[in-house]
Amino acid sequence: MTQTALITGASSGIGKEMARIHAEKGGDLVILARSKDELNALKTELETTYGVTVTVLVKDLSKELAPQQIFDAVNKAGIEIDYLINNAGFGGVGKFHERDWDKDRDMIQVNVVALSALTRLFLPDMVARNSGRILNVSSTASVVPGPMQAVYFATKSYVRFLSNAIAEELHDTNVTVTALMPGATQSDFAKTADMEDTKLFSSTASARDVAQTGYDAMMKGELETFAGLDFKTKMTMRLAPLMPKSAVMPKIRKMQGG
């Protein structure tokens, strides 16, 4: 049976590679982003190459009504979502009190509110069918506070712990929720966040490798997984929450240009 995945932020980076991976396996797709041209180009590529059906939804997740509009459009089209991949998100560097509040509010809307709403909208049907998989893209930023990216780190911590908690609530079902925690990745993220010249992005993993790790973890029903990290960095990420914040936060601030 063909499995259909809905992927947000599918026009570039990790989301685009997730779409390619799913299509390679013969799965149909609903791909979502703000860029109509890039989504249509991806639709043509995937349908031509793999013979799958790709539905394009052009939506801006910073708009409050977007999640409900997406859910309604999918239902109207008679599409059953087997895999929900909440990948859309963005960051921004700078001191909290100096940053443009409208940008940070939009960040919270996309990274937290829209992700939560889409999960809440699609999850009941999965539970009713007793099948389904959700992959929420968090970040290595979820493990500690992030001075110079205070809102972004906080949103990704929310995504991680929301995903973990829902996964446990579903322990007696065949529905799984996985949190993906990538490190610095080759995508438009650094450019959008104005962080291309910071130490955090001096070395990046390929979007394909990160997407593959996340997709595989979702299919296995894993609780969470790091991606795009070497062994040393992965161990550091696991130990970081145990270290004194007074020691960790100055290092993060300096890495982000503060």
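Residue indices begin from 1 for each chain and proceed along its sequence in written order. At least 70 in pLDDT is required for a residue's local features to be given in this predicted model, at least 80 for side-chain atom pairs to be given and counted, and no such filter applies to totals for whole chains, interfaces and linings, which use all residues. As a rule here, side-chain values come from all non-hydrogen atoms in the structure, and water together with hydrogens is ignored.

Caption draft 1: Seen up close, the overall build of the protein. Only DSSP runs of H or I reaching four residues or more are called helices, and only runs of E reaching two or more are called strands; each is numbered from the N terminus. Of regular secondary structure, the protein possesses nine helices and seven strands. For 258 residues, the compact-globule estimate of 2.2 N^0.38 gives 18 Å, and the protein sits close to it at 18 Å. Each principal axis of the C-alpha atoms in the protein carries an extent, and together these give about 50 × 40 × 30 Å. Exposed residues in this analysis have more than 50% of their type's maximum accessible area, buried residues have under 20%, and partly exposed residues fall in between, with area computed by a 1.4 Å probe over protein chains only. Burial statistics for the protein: of 258 residues in total, 49% are counted as buried. Two residues qualify as a contact provided that any one of their heavy atoms is within 4.5 Å of a heavy atom in the partner residue. In the protein, once contacts between residues fewer than 6 apart in sequence are set aside, the share between residues at least 24 apart is 70%. Summed over its atoms, the accessible surface of the protein is roughly 12,500 Å², and 51% of this surface lies on carbon and sulfur atoms. Note on charges: Lys and Arg go in the positive column, Asp and Glu in the negative column, and His and the chain ends are not counted at all. A single reference atom marks each charge: NZ on Lys, CZ on Arg, CG on Asp, CD on Glu. Charge separation in the protein, taken as the distance between the mean sites of 29 positive and 30 negative side-chain charges, equals 5 Å. Atoms counted for the radius of gyration: C-alpha only. Globule rule: 2.2 Å times the number of residues to the power 0.38. The Shrake-Rupley method, run with a 1.4 Å probe, gives the accessible areas here. Residue values count only the displayed protein chains as cover.

Caption draft 2: Just unusual backbone geometry, in detail. Not every positive phi belongs to a glycine, and N130 is a case in point at roughly 60 degrees. The residue N130 is located in the loop between α4 (101-129) and β5 (132-137) in this model.

Caption draft 3: View of α4. Between the first and last residue of a helix there are one fewer steps than residues, each counted as 1.5 Å, and that sum is the expected span. For α4, which comprises 29 residues, the first-to-last C-alpha distance of 41 Å matches the rise-based estimate of 42 Å (1.5 Å per residue) to within 8%. At every residue, the bend is computed as the angle between two fitted axes, covering the seven residues ending there and the seven beginning there respectively. At Q109, α4 shows its maximal bend, which comes to roughly 35 degrees. The residue sitting at the N-terminus of α4 and contributing the capping side-chain oxygen is D100; that oxygen lies 2.8 Å from the backbone nitrogen of D102. Here a polar contact is recorded for every N or O atom pair within 3.5 Å, except that within protein the pair must consist of a potential hydrogen donor and a potential acceptor, and residues adjacent in sequence are included only if both atoms are side-chain atoms.

Caption draft 4: Quick look at the packing of helix α1 (residues 13-24) against helix α7 (residues 207-220). Where α1 contacts α7, the two axes come as close as 8 Å, and the packing angle between them is 60 degrees. The pairing of α1 with α7 is recorded here as oblique in orientation. Here the hand of the crossing between α1 and α7 comes out right-handed. Contacts between α1 and α7 involve G13, I14, E17, M18, R20, I21, H22 and E24 from the former and A207, R208, V210, A211, Q212, G214 and Y215 from the latter. Residues are sorted three ways: Asp, Glu, Lys and Arg are charged, Ala, Val, Leu, Ile, Met, Phe, Trp, Tyr, Cys and Pro are nonpolar, and all the rest, Gly among them, are polar. Of the residues contributing to the contact of α1 with α7, the split by class is seven nonpolar, four polar and four charged. An axis is simply a line fitted to the C-alpha atoms; with a helix, the fit covers only the stretch in contact. Between two such axes, the angle follows the N-to-C directions and lies from 0 to 180 degrees. Orientation labels follow simple angle bins: below 35 degrees gives roughly parallel, above 145 gives roughly antiparallel, 65 to 115 gives roughly perpendicular, and whatever is left gives oblique. For any helix crossing, the convention is left-handed if the near helix is rotated counterclockwise from the far helix by under a right angle, and right-handed if that rotation is clockwise.

Caption draft 5: Representation of the sheet that holds strand β2 (residues 28-33). Pairing between strands is defined by DSSP: at least two bridges between the two strands are required. With parallel pairing, seven strands are arranged side by side in an open sheet as β3-β2-β1-β4-β5-β6-β7. Only two strands of the sheet have a single neighbouring strand rather than two, namely β3 (54-58) and β7 (224-227). Going across the sheet, the axis of each strand differs from the next one's by a mean of 15 degrees, ignoring polarity. Inspection of the sheet shows β5 paired to strand β6 (residues 175-182) by six bridges, in the parallel sense. Bridged to V137 within β6 is L180. Of the strands in this sheet, β2 and β3 are in contact with helix α2 (residues 36-50), which crosses β3 at around 175 degrees.

Caption draft 6: Highlighting the nonpolar core. Only buried Ala, Val, Leu, Ile, Met, Phe, Trp, Tyr and Cys residues count toward a nonpolar core, and they belong to the same one when joined by side-chain atoms within 4.5 Å. With 27 residues, the main nonpolar core has I7, M18, A19, L29, I31, L46 and L180 as its most contacted residues. Considering each element in turn, this core owes the most residues, five residues, to α1. Formed by 26 residues, the second largest nonpolar core is a distinct cluster that contains I70, L84, A114 and L123.

Caption draft 7: Geometry of the pairing of β6. Across the eight residues of β6, eight count as buried, placing the element largely inside the fold. Going residue by residue along β6, you find V175, V177, A179 and M181 tucked away on one face and T176, T178, L180 and P182 tucked away on the opposite face as well. For the segment spanning β5, helix α5 (residues 150-169) and β6, crossover handedness is right-handed. Seen with its strands pointing away from the viewer, a crossover is right-handed if its path from the first strand over the helix to the second goes clockwise.

Caption draft 8: Just the pairing of β5, in detail. Of all the six residues making up β5, five are buried; the element is thus mostly covered by neighbouring parts of the structure. Sheet topology note: the strand β4 (residues 83-86)/β5 ladder contains four bridges and is parallel. When the sheet's bridge partners are listed, Y83 is paired in β5 with R133. Crossover β4 to β5 through α4 is right-handed.

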